[in-house]
Amino acid sequence: MKLLEERILRDGVVKPGNVLKVDNFLNHQLDVRFLDEVGKEFYRLFSDVRVDKIMTIETSGIAVAMAAARYFDVPVVFAKKTQSLNIDGEVYKTKIHSFTHNRTYDVIMSGKYLHKDEHILIIDDFLANGCAAEGLISLICDAGAKVEGVGIVIEKGHQEGGKRLRERGIRLESLAIVDAMNAETGEITFREQ
């Protein structure tokens, strides 16, 4: 998505430790009009499959998932990184390691909102090592639902997540794939798609 690549080049900041900050438009401060274009693009890419719900993980994936859900006209469900008192009954659980926070979370999803035979599209803001996507896939499979695909705004192509998902036969659509970043120069190299 050329619009996304241009926005990353204009507003993204490469930090030491292989971190790309896009928090001024994607995951701290939200550019709603821009996110609407992102949602429209995910709809274009996945309009050939049945989607009953869009799933993501809290917190930064929620805005992107909502933008896409608007076009699919389906609800968004999100896995929580903490147990809360208002989640009762059957739950699905997994562990997910966050590259950004260098922390492992116990992630839970209420069984009330994820059902057998539903068709689920996963949408998230970043894909690095693929732990979040793989954890969400695990939750979906535990519920007996079907993963229709994974939509990612920014994939770090120089990390293993995308490769592992594709090798598993998971349909992965990334709007921008960053193949290289240089914290010293700020240079970002995108994969041709």
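These figures come from a predicted structure and were not determined experimentally. (Residues numbered from 1 in each chain as written. Predicted model: local features only at pLDDT ≥ 70, side-chain atom pairs only at ≥ 80, totals over all residues. Heavy atoms only, no water.)

### Side note on the packing of aromatic side chains
Right, so step 1: With the rule as written, the count across this model stands at 3 aromatic pairs.
Right, so step 2: Seen from their ring centres, Tyr43 and Phe72 are 4.9 Å apart, and the 75° between their planes marks the pair as edge-to-face. Pair noted here: Tyr43 is in helix α3 (residues 32-46) and Phe72 is in helix α4 (residues 61-72), with a separation of 29 residues, a long-range link.
Right, so step 3: Exposure remark for Phe72: the relative accessible area of 12% places this residue in the buried category.
Right, so step 4: Each residue in the set Tyr43, Tyr71 and Phe72 is aromatic and connected to the rest through ring pairs, giving one cluster.
Right, so step 5: The ring centre of Phe34 lies 5.4 Å from the NZ or CZ of Arg7, which sits over that ring.
Right, so step 6: In this arrangement the basic side chain of Arg70 is found over the ring face of Tyr71, its NZ or CZ atom lying 5.1 Å from the centre. (Phe/Tyr/Trp six-rings, centres within 6.5 Å; stacked < 30°, edge-to-face > 60°. Helix = DSSP H or I, 4+ residues; strand = E, 2+ residues; numbered from the N terminus. Buried < 20%, exposed > 50% of the residue type's maximum accessible area, 1.4 Å probe, protein only. Lys NZ or Arg CZ within 6 Å of the ring centre and 35° of its normal.)

### Observations concerning the pattern of salt bridges
Right, so step 1: Enumeration according to the criterion identifies 17 salt bridges in this entry.
Right, so step 2: Note that Arg10 and Asp11 form a salt bridge whose closest N and O atoms lie 3.2 Å from each other.
Right, so step 3: For Arg10, a relative accessible area of 60% translates into the label exposed.
Right, so step 4: Classification of Asp11 by relative accessible area gives buried; the value is 19%.
Right, so step 5: The residue Arg166 makes a salt bridge to Glu155 at a minimum N-O spacing of 2.9 Å. (Salt bridge = Lys/Arg side-chain N within 4 Å of Asp/Glu carboxyl O.)

### Here's the deal with the pairing of strand β7 (residues 119-127)
Right, so step 1: With 9 of its 9 residues buried, β7 lies for the most part within the structure.
Right, so step 2: Taken together, the 3 bridges between strand β3 (residues 53-57) and β7 define a ladder with parallel strand orientation. Directly across from Ile54, in β7, lies its bridge partner Leu121.
Right, so step 3: Pairing between β7 and strand β8 (residues 146-156): 8 bridges, direction parallel. (Pairing = 2+ DSSP bridges.)

### Some points on the environment of Asp52
Right, so step 1: Relative to the elements of secondary structure, Asp52 occurs in the loop between α3 and β3.
Right, so step 2: Residues Asp52 and Asp179 lie 127 residues apart in sequence; the distance between their C-alpha atoms is 32 Å.
Right, so step 3: In contact with Asp52, not counting residues within four places along its chain, are Val74, Pro75, Asp117, Glu118 and His119.
Right, so step 4: Side chain to side chain, Asp52 and Arg50 meet in a polar contact 3.1 Å long. (Contact = heavy atoms within 4.5 Å. Polar contact = N/O pair within 3.5 Å; in protein donor to acceptor, adjacent residues only side chain to side chain.)

### Some words on the side chain of Thr94
Right, so step 1: Topologically, Thr94 is positioned in strand β5 (residues 91-98).
Right, so step 2: Looking at Thr94, the relative accessible area reads 16%, which means it is buried.
Right, so step 3: Sequence-distant contacts of Thr94, defined by excluding residues within four places in its chain, comprise Tyr105, Asp106, Val107, Gly135, Ser138 and Leu139.

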